Amino acid sequence: GSGDEPNTFETISAAISTESVSQDAVVGVEGGQTVDESGSNVVIGTSGVTVTGFDGKPTIQTGSNRIQADSDGVTIRNLEVTSNPGSDTFRTLEAIGSGVTFDGVKRSAPGTSGPTAANGNPLIQVNGPDATVKNCEVIGSSIGVNSVNEGAFDAVNNFVSDAATEGIFVFVICSLNYTIEN
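(A) Fine view of unusual backbone geometry. In this structure, Asp-24 takes a positive phi of about 70° despite not being glycine. For Asp-24, the position within the fold is in the loop between helix H1 (12-16) and strand S1 (26-30). A relative accessible area of 54% means that Asp-24 is categorised as exposed. Phi at Asp-130 takes a positive value of approximately 60°, unusual for a residue other than glycine.

Quick look at the structure:
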């Protein structure tokens with residue numbers, strides 16, 4: 001929104017930084033909208049927050065920044081995330097908190113029809129335990145799990161193409177239960 005009406009904001013960053021966003025709040029972005037988040041990282045630091053597109057899939061432009069779920073139980077759903085061509089595009093979506101879910105997110109490396117300059121670094125990165133990545137589409141790179149704490153990781157019904165290395169990879173040095181299936 002324009003920010004002129006109650007509970008409307010120009011960016012996701014502005015919405016999640018307000019006092020009105022508390023635990024388990026939903027931040028909705030209308031489909032067909034383009035939101036410019038290139039000014040800084042979007043850091044979701046409140047537990048249980050859901051950021052979702054509705055009435056279609058909105059586009060979130062991150063420039064060379066990332067959307068980072070720092071808190072537990074965060075859900076990021078039904079968004080298309082883009083960045084600037086030539087920008088540092090890896091780890092654009094990152095799960096650090098426990099129980100983070102990415103659902104129906106589309107992320108493509110900018111200006112590529114083949115593997116990105118990210119050189120195998122993932123566009124969706126999971127670092128926290130008990131994460132789920134489902135129904136996502138990643139073009140030009142991968143979905144990765146690195147050094148998570150003990151717990152679980154589920155990757156279900158995702159589409160990955162033109163990755164420089166593995167499409168979905170798990171690299172851990174601890175005990176992890178994981179599921180990767182189509």
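(B) Focus on the pattern of salt bridges. The tally for this structure, following the rule as stated, stands at 2 salt bridges. For Arg-66, the salt bridge identified is with Glu-94, shortest N-O distance 2.4 Å. Of this pair, Arg-66 sits in the loop between strand S5 (59-61) and strand S6 (67-69) while Glu-94 sits in strand S9 (residues 93-95), and the two are 28 residues apart along the sequence. Among the residues examined, Arg-66 registers a relative accessible area of 23% and is labelled partly exposed. Of the residues examined, Glu-94 reaches a relative accessible area of 5% and is grouped as buried. In this structure, Arg-77 engages Asp-103 in a salt bridge whose closest nitrogen and oxygen atoms are separated by 3.9 Å. Of the two residues, Arg-77 is situated in strand S7 (residues 75-77) and Asp-103 in strand S10 (residues 101-103); the sequence distance between them amounts to 26 residues.

Procedures and definitions
Residues numbered from 1 in each chain as written. Predicted model: local features only at pLDDT ≥ 70, side-chain atom pairs only at ≥ 80, totals over all residues. Heavy atoms only, no water. Helix = DSSP H or I, 4+ residues; strand = E, 2+ residues; numbered from the N terminus. Buried < 20%, exposed > 50% of the residue type's maximum accessible area, 1.4 Å probe, protein only. Salt bridge = Lys/Arg side-chain N within 4 Å of Asp/Glu carboxyl O.

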